[in-house]
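Here is what each chain is made of, one letter per residue.
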Amino acid sequence: MQTHDAKRVEIIIEAPMEGRLTDALATAGVTGFTVLPVLGGSGRSGQWTREGQVGRSGMVAVVCLVAPERLDGLLDAAFAVVQRHIGVVSVADVQVIRPTRF
Amino acid sequence: MQTHDAKRVEIIIEAPMEGRLTDALATAGVTGFTVLPVLGGSGRSGQWTREGQVGRSGMVAVVCLVAPERLDGLLDAAFAVVQRHIGVVSVADVQVIRPTRF
Amino acid sequence: MQTHDAKRVEIIIEAPMEGRLTDALATAGVTGFTVLPVLGGSGRSGQWTREGQVGRSGMVAVVCLVAPERLDGLLDAAFAVVQRHIGVVSVADVQVIRPTRF
Amino acid sequence: MVDILTLAGQNLLTPMILCFALGLAAAIARSDLTVPEAAAKMMSLYLLFAIGFKGGVAVADHGLDGQLIAALVGGVALSFALPFVAFGLLRGLTRLSALDAAAVAAHYGSISIVTFVTATSVLASRGIAAEGYMVAVAAAMEAPAIVSALWLVSRGGKGAGVQMDARLWHEILLNGSIVLLVGAFLIGFATGAPGMARIDAFIVAPFQGVLCLFLLDMGLVAGRGLRGARGVLDWRAVAFGLVMPMIGAAAGLAVALVLGLSTGGVALMMVLAASASYIAVPAAMRVALPEANPSIYLTLSLGVTFPFNLIIGIPAYVAIAVALTQG
Amino acid sequence: MVDILTLAGQNLLTPMILCFALGLAAAIARSDLTVPEAAAKMMSLYLLFAIGFKGGVAVADHGLDGQLIAALVGGVALSFALPFVAFGLLRGLTRLSALDAAAVAAHYGSISIVTFVTATSVLASRGIAAEGYMVAVAAAMEAPAIVSALWLVSRGGKGAGVQMDARLWHEILLNGSIVLLVGAFLIGFATGAPGMARIDAFIVAPFQGVLCLFLLDMGLVAGRGLRGARGVLDWRAVAFGLVMPMIGAAAGLAVALVLGLSTGGVALMMVLAASASYIAVPAAMRVALPEANPSIYLTLSLGVTFPFNLIIGIPAYVAIAVALTQG
Amino acid sequence: MVDILTLAGQNLLTPMILCFALGLAAAIARSDLTVPEAAAKMMSLYLLFAIGFKGGVAVADHGLDGQLIAALVGGVALSFALPFVAFGLLRGLTRLSALDAAAVAAHYGSISIVTFVTATSVLASRGIAAEGYMVAVAAAMEAPAIVSALWLVSRGGKGAGVQMDARLWHEILLNGSIVLLVGAFLIGFATGAPGMARIDAFIVAPFQGVLCLFLLDMGLVAGRGLRGARGVLDWRAVAFGLVMPMIGAAAGLAVALVLGLSTGGVALMMVLAASASYIAVPAAMRVALPEANPSIYLTLSLGVTFPFNLIIGIPAYVAIAVALTQG
Ligand SMILES: Nc1ncnc2c1ncn2[C@@H]1O[C@H](COP(=O)(O)O)[C@@H](O)[C@H]1O
Ligand SMILES: Nc1ncnc2c1ncn2[C@@H]1O[C@H](COP(=O)(O)O)[C@@H](O)[C@H]1O
Ligand SMILES: Nc1ncnc2c1ncn2[C@@H]1O[C@H](COP(=O)(O)O)[C@@H](O)[C@H]1O
Ligand code: NA
Ligand code: NA
Ligand code: NA
């Protein structure tokens with residue numbers, strides 16, 4: 001089946017920042033994304049799990065599929081939000097069907 | 001460690017279609033997949049979150065690792081189901097250990 | 001934006017083994033990972049869904065972003081744990097921002 | 001009429017309605033107040049179980065009169081017929097495509113179990129008895145409307161549009177809420193008063209309180225839906241969402257009077273006919289009519305008709321039932 | 001015998017059993033009825049807390065007789081011993097490998113807390129008192145069986161097969177249900193009647209109702225398990241799942257009579273010995289014996305033995321206990 | 001003093017406190033006992049709804065005296081003022097950076113609703129009445145402290161450190177717990193005794209039982225937090241976590257006496273001033289002061305001050321309130 005190049009950006013970020021991130025994405029013209037729940041994790045700021053949660057609402061994973069040429073805009077927008085916060089951003093090359101969407 | 005080429009197919013689809021998709025995959029000989037929950041997302045059909053859910057049971061992400069030669073069969077099967085529905089399909093090149101499984 | 005090569009390792013493993021896996025990762029010097037919930041799946045050991053769960057607490061997906069040179073250590077550590085258990089391991093090439101973290 | 005408004009006034013001051021209003025307001029004000037999905041699901045399982053069980057016990061107490069069959073037939077007939085009325089109204093009144101109109105029509109032929117539950121608690125609080133088997137009627141009315149709607153689509157040459165298979169029928173007829181409602185009804189019927197004695201502290205006393213929190217969540221969901229659907233509905237569509245329940249209630253009233261139901265039974269039949277589905281039917285529409293726009297039917301059913309029935313409809317239907325059966 | 005069957009008949013008509021049957025039927029009919037995982041977990045926490053607390057209060061009321069220690073020892077002995085019986089039976093009767101047989105044996109030496117909870121509510125509804133410390137005995141019987149099973153495996157030269165470490169012991173001995181059960185027992189013991197007065201409206205009145213919804217979920221899970229495990233069990237294995245609880249019950253009866261427990265205590269000891277674990281032990285087996293097939297032990301424990309105990313076992317054990325201690 | 005200790009002793013033997021202790025112990029012993037997130041969230045919604053509703057009904061019964069406004073002003077003033085005290089204390093006593101000190105200070109100016117809820121149930125069990133509108137005061141005290149803390153940071157040249165926007169204010173002022181607490185209060189006020197009659201079986205009788213399970217979860221969370229934060233706090237910081245609530249309580253006492261509140265009202269004002277937020281404020285700090293270390297403020301608030309208030313604070317505050325208003 002005929003597929004098309006795209007980028008899969010995965011942003012793991014604190015839940016309280018999710019709305020700010022998706023707004024920033026929308027402003028950057030990225031209107032397609034999916035948010036996945038996160039159970040726990042570990043990083044420089046230590047380990048946490050959702051069970052240990054009253055005060056912190058934990059983190060979420062935001063996945064965006066975008067056309068390669070829109071990657072930079074996306075990363076700039078995302079970085080402006082993530083910058084001062086804990087979390088990680090990764091980008092992978094993928095193939096998508098239905099290119100018109102991205 | 002010795003690894004082997006494989007494809008990682010990620011299908012984000014409406015929950016009511018999950019059973020139909022996995023059946024189609026099985027028919028196409030793809031018996032290995034993992035289903036991840038989705039909290040919300042945004043696309044051409046607008047934005048939604050699981051909190052806003054009574055009527056719509058939301059979406060799920062189905063991840064399949066397959067040997068490269070079985071990719072086309074998988075995509076055809078998946079596309080037949082996804083075609084008329086909202087959702088996205090992406091394919092990434094990955095390495096797996098234990099090739100016999102795929 | 002300036003990005004850096006990294007590997008994205010995705011390990012899908014039984015929940016009762018999660019702690020053992022993350023400890024093994026820590027021992028191997030991998031202190032960064034994210035754990036995602038899994039709703040269900042299918043493989044050689046048959047199909048299962050979280051609804052069918054009383055006895056088995058199901059599976060989880062552990063995602064690690066690491067610098068390429070640390071991949072082998074990670075895979076060895078992970079494999080030692082996963083080896084005799086059901087589950088899958090896949091590795092993808094990705095780009096990350098903020099390399100210092102990995 | 002005045003009488004009805006005062007009733008509506010009283011009704012407005014119940015914790016249930018105010019909880020719904022609170023949820024609606026919180027969602028529209030973009031508060032982050034949310035009820036966890038699992039908790040909402042659990043509360044609806046509780047409500048379905050409790051109401052089904054009580055219905056079964058009531059039937060076990062008063063015995064099965066032949067009316068049960070008649071009421072089931074009447075309800076099913078309503079569910080089959082109302083989508084045609086709704087479809088005609090939508091095509092004449094609004095600008096919706098035939099596909100969207102048919103999808104909406106399916107919702108209004110089917111029923112909203114929460115509206116039904118709220119009505120039963122209103123009746124209970126006013127000491128008005130109703131036939132216990134009305135829960136069975138409610139279950140029976142969920143699916144037929146879907147058939148009518150799909151027939152409307154395929155007839156309209158949109159046959160290609162319909163993705164109907166045995167599997168979908170299976171999903172519709174054995175969907176969780178129908179199975180639990182009917183199952184609890186049968187269990188209540190089988191165990192009767194002794195069974196009730198064992199669990200009434202669980203399904204009777206806390207019932208209205210749970211309903212409050214559940215309606216809070218309904219308000220949140222309806223409010224978020226309305227916010228998200230800004231611009232999806234024009235005033236014509238909204239008007240439909242207010243007029244259709246009255247038409248449905250009238251039809252339900254006629255059927256109920258013909259059946260000779262009790263005051264409570266008449267009120268409940270009106271509520272069932274007036275209410276619109278927002279769980280079973282939308283899921284079925286996503287599979288059978290994927291091109292139909294969910295925001296339209298969900299917003300109409302959940303954002304317009306549900307609040308209308310909750311706040312104005314139920315007290316009105318009850319008042320009418322009282323007037324016509326006890327007057 | 002006839003007597004037992006009539007009892008079973010009555011027992012069948014309780015809401016609890018019928019809820020379990022409803023879940024079983026819904027799952028086998030492939031209905032999408034499901035209880036959210038979080039809700040099921042919460043209900044089991046509620047049941048564990050309530051039963052542990054009540055047990056502690058009962059002990060606080062009647063005071064601690066030395067029997068507590070004796071009963072604990074008796075229960076632990078049963079948990080150690082029964083896996084050997086089960087293993088022998090499985091190797092003789094069925095075609096299971098030594099590994100799978102050992103894994104199954106561990107489940108039958110351990111206990112099912114839901115079966116225990118259901119039995120207590122049956123006793124309560126029949127006004128039969130039981131030693132409050134039986135919940136402590138239940139907690140004590142969870143783990144020993146695992147030791148016996150792992151010993152059977154390593155002895156069988158399958159030593160390589162056992163992945164046993166301090167961490168796993170820690171997980172088993174401090175697993176959530178044991179901790180909550182024992183903790184609630186101690187809290188009930190410490191706060192006694194005054195403590196009970198504060199929370200009985202929460203842990204006593206709604207108890208049977210919550211148990212109904214929990215058994216509904218158990219039925220759904222058991223049914224889905226049975227559906228998924230078609231072909232995994234031959235008739236020999238199923239026969240084991242029906243015979244083993246009777247053997248366990250007999251052993252439990254002997255121990256209980258030696259201990260001189262009350263009627264209720266005898267019945268509960270039989271239930272504990274007859275029931276098979278489906279939470280603590282399976283998780284431990286996944287870690288310690290990863291090559292053992294989970295479908296086999298889960299289906300046997302949850303799909304065969306649990307329903308058997310629920311429907312036939314409990315009323316039979318109670319009837320026997322009554323006959324032998326009050327006759 | 002002795003008197004206070006005996007009270008604390010009695011208090012220790014309530015199921016609530018022991019449930020908290022059980023959770024704490026289980027977490028520290030690394031048991032896998034957990035309360036599902038959704039269930040914990042639902043229990044907190046239940047507690048907020050119940051306490052808000054009861055408060056509203058109480059106000060509807062006794063009528064609104066002008067004190068409500070005065071009490072609100074007093075509470076808001078406390079919330080504004082206490083962060084300055086806390087900040088000064090932290091900078092003088094501990095080695096925390098200005099940023100971390102300000103973040104911690106915000107928590108101590110704000111309030112812990114669970115501490116408040118527990119205090120009300122202690123008062124209820126001792127038959128001490130309190131002003132119903134104290135729940136409104138509690139809601140009003142959540143946010144002001146955040147303003148003070150952010151001002152402290154920006155003043156400290158750390159302006160760059162503050163990420164404050166209209167959106168965050170919106171999130172803080174309309175956060176779920178405030179909206180539900182105030183909303184339930186208004187609903188209780190609007191429906192009064194008749195409303196209460198409909199749902200008291202749900203919000204009154206099971207209240208203390210639900211609180212037990214909720215405190216069990218609080219203990220688990222606090223224990224896991226403490227385990228994870230080993231080494232984060234030195235003895236100075238811990239000392240602050242024990243001293244600050246007493247200072248807060250004293251300030252609350254002064255304000256309450258000036259306002260001339262009832263015995264229960266005085267006790268609750270002390271509790272509010274003494275307690276530290278662990279939900280609303282931490283979320284706000286993550287957004288506004290991302291560089292402040294969450295382990296510090298969460299561990300202090302949840303791991304040190306919350307248990308202190310629960311076990312020693314509440315009975316002491318109540319005893320003092322009784323002594324000073326009834327003596
Ligand atoms: N190398 C990594 N791979 C995957 N997830 C990570 C990694 N580093 C951090 N994370 C996630 O980001 C969160 C915050 O990380 P940090 O900012 O390093 O404290 C962690 O709790 C993880 O969920
Ligand atoms: N570009 C994208 N990247 C990631 N997820 C997407 C994207 N587009 C759509 N989705 C997901 O697919 C769902 C339906 O998308 P759509 O069919 O465009 O309305 C959305 O709610 C998202 O969860
Ligand atoms: N090819 C695959 N792609 C994605 N997930 C898989 C695949 N194979 C197995 N899994 C996951 O791993 C679990 C155990 O697989 P198995 O060990 O093959 O029984 C399954 O339930 C799936 O969740
Ligand atoms: Na209808
Ligand atoms: Na046993
Ligand atoms: Na405070």
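Because the structure is predicted, anything quoted here is derived from the model rather than measured.

**Topic: the overall build of chain D**
No. 1: The helix and strand tally for chain D stands at 15 helices and zero strands.
No. 2: What you see for chain D is a C-alpha radius of gyration of 19 Å, in line with the 20 Å of a compact globule of 327 residues.
No. 3: With the C-alpha coordinates of chain D rotated into their principal frame, the extents come out at 55 × 45 × 40 Å.
No. 4: Put simply, chain D has 327 residues, and 63% of those count as buried.
No. 5: For chain D, long-range pairs separated by at least 24 residues make up 88% of all intrachain contacts whose partners lie at least 6 apart in sequence.
No. 6: Computing the positive centroid from 15 side-chain charges and the negative centroid from 14, chain D places the two 10 Å apart.

**Digging into the coordination of the sodium ion (ligand 6)**
Residues and elements named next belong to chain F.
No. 1: Coordination sphere of the sodium ion (ligand 6), protein contribution only: Tyr108 (O), Ser110 (O), Leu272 (O), Ala273 (O) and Ser275 (O), at 2.4 to 2.9 Å.
No. 2: All donors of the sodium ion (ligand 6) belong to a single chain; written as a sequence motif, their spacing is Y-x1-S-x161-L-A-x1-S. Here Tyr108 is found in helix H5 (residues 98-109), whereas its partner Leu272 is found in helix H13 (residues 263-274), with 164 residues between them in sequence.
No. 3: Tyr108 sits in the buried class, given a relative accessible area of 1%.

**Concerning the site of ligand 1**
No. 1: For ligand 1, the set of nearby residues contains 18 residues, the closest of which are Arg44, Ser45 and Trp48 of chain A together with Thr34 and Leu65 of chain C.
No. 2: Of the chains in the model, those with residues near ligand 1 are chains A and C.
No. 3: Here a nitrogen atom of ligand 1 sits 3.5 Å away from a polar atom, N or O, in the main chain of Gly32 of chain C.
No. 4: Between ligand 1 and Thr34 of chain C there is a distance of 2.8 Å, counted from a nitrogen atom to a side-chain nitrogen or oxygen.

**Structural notes on the site of ligand 3**
No. 1: Residues in close proximity to ligand 3 total 18 residues, the closest being Thr34 and Leu65 of chain B together with Arg44, Ser45 and Trp48 of chain C.
No. 2: Those residues lying near ligand 3 are distributed over chains B and C.
No. 3: Contact between ligand 3 and Arg44 of chain C: an oxygen atom at 2.8 Å from a main-chain N or O atom of the residue.
No. 4: With respect to ligand 3, the backbone of Gly87 of chain C contributes an N or O atom lying 3.2 Å from an oxygen atom.

**Thoughts on the packing of aromatic side chains**
Residue and element names in this part refer to chain D.
No. 1: On inspection of all chains with the given rule, the structure shows 21 aromatic pairs over all chains.
No. 2: Centroid distance Phe20 to Phe306: 5.3 Å. Interplanar angle 70°. Geometry classified as edge-to-face. Of this pair, Phe20 sits in helix H2 (residues 15-28) while Phe306 sits in helix H15 (residues 294-326); the two residues are 286 residues apart in sequence, bridging distant segments of the chain.
No. 3: On the basis of relative accessibility, which here comes to 0%, the residue Phe20 falls in the buried class.
No. 4: A relative accessible area of 2% means that Phe306 is categorised as buried.
No. 5: Through pairs of rings, three or more aromatic residues link up here, namely Phe20, Tyr278 and Phe306.

**So, the relation of the copies chain F and chain D**
To go from the first copy of the chain to the second, apply a rotation about an axis and then a shift along the same axis.
No. 1: After a rotation of 120° and a shift along the axis of 0.0 Å, chain F superposes on chain D with an RMSD of 0.0 Å. On the angle and the small slide along the axis, the relation comes out as a three-fold axis.
No. 2: Interface residue correspondence from chain F to chain D reaches only 4%, placing this contact among heterologous pairings that use different surfaces.

**A look at the arrangement of the chains**
No. 1: In this structure chain C stays clear of chain D, and the shortest span between their C-alpha atoms is 12 Å.
No. 2: Chain A makes no contact with chain E; the smallest distance between any of their C-alpha atoms is 12 Å.

**Examining the side chain of Ser301 of chain D**
No. 1: Assignment of secondary structure puts Ser301 of chain D in helix H15.
No. 2: Not counting residues within four places of it along the chain, the set of residues in contact with Ser301 of chain D comprises Tyr108, Ala276, Ser277, Tyr278 and Phe306 of chain D.

**Here's the deal with the packing of helix H1 (residues 18-27) of chain A against helix H9 (residues 166-173) of chain F**
No. 1: Orientation of H1 of chain A relative to H9 of chain F, taken along the N-to-C sense of each, is 145°, at an axis distance of 12 Å. Considering the relative orientation of H1 of chain A and H9 of chain F, their crossing is right-handed. Contacts between H1 of chain A and H9 of chain F involve Gly19, Arg20 and Asp23 of chain A from the former and Arg167, Leu168 and Glu171 of chain F from the latter.
No. 2: Of the residues assigned to the contact of H1 of chain A with H9 of chain F, the class counts are one nonpolar, one polar and four charged.

**Thoughts on helix H15 (residues 294-326) of chain E**
Residues and elements named next belong to chain E.
No. 1: In this model, H15 (33 residues) spans only 42 Å end to end at C-alpha, well below the 48 Å of a helix rising 1.5 Å per residue.
No. 2: Across the 33 residues of H15, 24 count as buried, placing the element largely inside the fold.
No. 3: The residue sitting at the N-terminus of H15 and contributing the capping side-chain oxygen is Asn293; that oxygen lies 2.8 Å from the backbone nitrogen of Ser295.

**Comments concerning the pairing of strand E3 (residues 40-43) of chain A**
No. 1: Sheet topology note: the E3 of chain A/strand E2 (residues 33-37) of chain C ladder contains three bridges and is antiparallel. Each bridged residue has a counterpart across the sheet, and for Ser42 of chain A the counterpart in E2 of chain C is Phe33 of chain C.
No. 2: Summarising the sheet, E3 of chain A and strand E4 (residues 46-49) of chain A pair through four bridges and their orientation is antiparallel. Bridging from a neighbouring strand, Ser42 of chain A pairs with Gln47 of chain A of E4 of chain A.
No. 3: Taking the residues that link successive antiparallel strands as the turn, the E3 of chain A-E4 of chain A hairpin has two residues.

**Describing the environment of Met244 of chain F**
No. 1: Positionally, Met244 of chain F belongs in helix H12 (residues 235-259).
No. 2: When sequence neighbours within four positions are dropped, the list of residues in contact with Met244 of chain F reads Leu82, Val85, Ala86, Leu89 and Tyr108 of chain F.

**What to know about the interface of chain F and chain D**
No. 1: Across the boundary between the two partners, chain F contributes 23 residues, which contact 28 residues of chain D.
No. 2: Approximately 2100 Å² of surface area, both sides summed, lies buried where chain F meets chain D, with 78% of it carried by carbon and sulfur atoms.
No. 3: Of all residues in chain F, Met42, Arg198 and Phe202 of chain F bury the most surface against chain D, accounting for 29% of the area lost on that side.
No. 4: At the surface where chain F touches chain D, the tally comes to six residue pairs in polar contact (both at pLDDT 80 or more).
No. 5: Per-element accounting of the side of chain F that touches chain D gives the leading share, 13 residues, to helix H10 (residues 176-203) of chain F.

**Observations regarding the environment of Val85 of chain F**
All names here are of chain F.
No. 1: Mapped onto the elements, Val85 comes out in helix H4 (residues 67-93).
No. 2: Judged by its relative accessible area of 37%, Val85 falls in the partly exposed class.
No. 3: As for Val85 and Leu33, which are separated by 52 residues in sequence, their C-alpha atoms are 38 Å apart.
No. 4: Not counting chain neighbours up to four residues away, the residues in contact with Val85 comprise Met244 and Ile247.

**A look at unusual backbone geometry**
No. 1: Not every positive phi belongs to a glycine, and Arg30 of chain D is a case in point at roughly 60°.
No. 2: Tracing the sequence through the fold places Arg30 of chain D in the loop between H2 and helix H3 (37-62).

**Some points on the confidence of the model for chain D**
Residue and element names in this part refer to chain D.
No. 1: Across chain D, the average pLDDT comes to 92, with 94% of residues at 70 or higher.
No. 2: Taken element by element, chain D is modelled with least confidence in helix H1 (residues 2-12), mean pLDDT 65, and with most confidence in helix H13 (residues 263-274), mean pLDDT 98.
No. 3: Both scores are available for the predicted complex, with the pTM at 0.95 and the ipTM at 0.94.

Basis of the calculations
- Residues numbered from 1 in each chain as written.
- Chains lettered and ligands numbered in written order.
- Predicted model: local features only at pLDDT ≥ 70, side-chain atom pairs only at ≥ 80, totals over all residues.
- Heavy atoms only, no water.
- Helix = DSSP H or I, 4+ residues; strand = E, 2+ residues; numbered from the N terminus.
- Rg over C-alpha atoms; globule rule 2.2 N^0.38 Å.
- Buried < 20%, exposed > 50% of the residue type's maximum accessible area, 1.4 Å probe, protein only.
- Contact = heavy atoms within 4.5 Å.
- Lys, Arg positive; Asp, Glu negative; His and termini not counted.
- Charge placed at Lys NZ, Arg CZ, Asp CG, Glu CD.
- Donors = N, O, S within 2.8 Å, 3.2 Å for Na, K, Ca; no water.
- Near = heavy atom within 4 Å.
- Polar contact = N/O pair within 3.5 Å; in protein donor to acceptor, adjacent residues only side chain to side chain.
- Phe/Tyr/Trp six-rings, centres within 6.5 Å; stacked < 30°, edge-to-face > 60°.
- Least-squares fit on C-alpha atoms with pLDDT ≥ 70 in both.
- Axes fitted to C-alpha atoms, helices over the stretch in contact; angles between N-to-C directions.
- Left-handed = near helix turned anticlockwise from the far one by under 90°.
- Nonpolar A, V, L, I, M, F, W, Y, C, P; charged D, E, K, R; others polar.
- Expected span 1.5 Å × (residues − 1).
- Pairing = 2+ DSSP bridges.
- Buried area = accessible area lost by both parts, 1.4 Å probe.
- pLDDT = per-residue confidence, 0-100.

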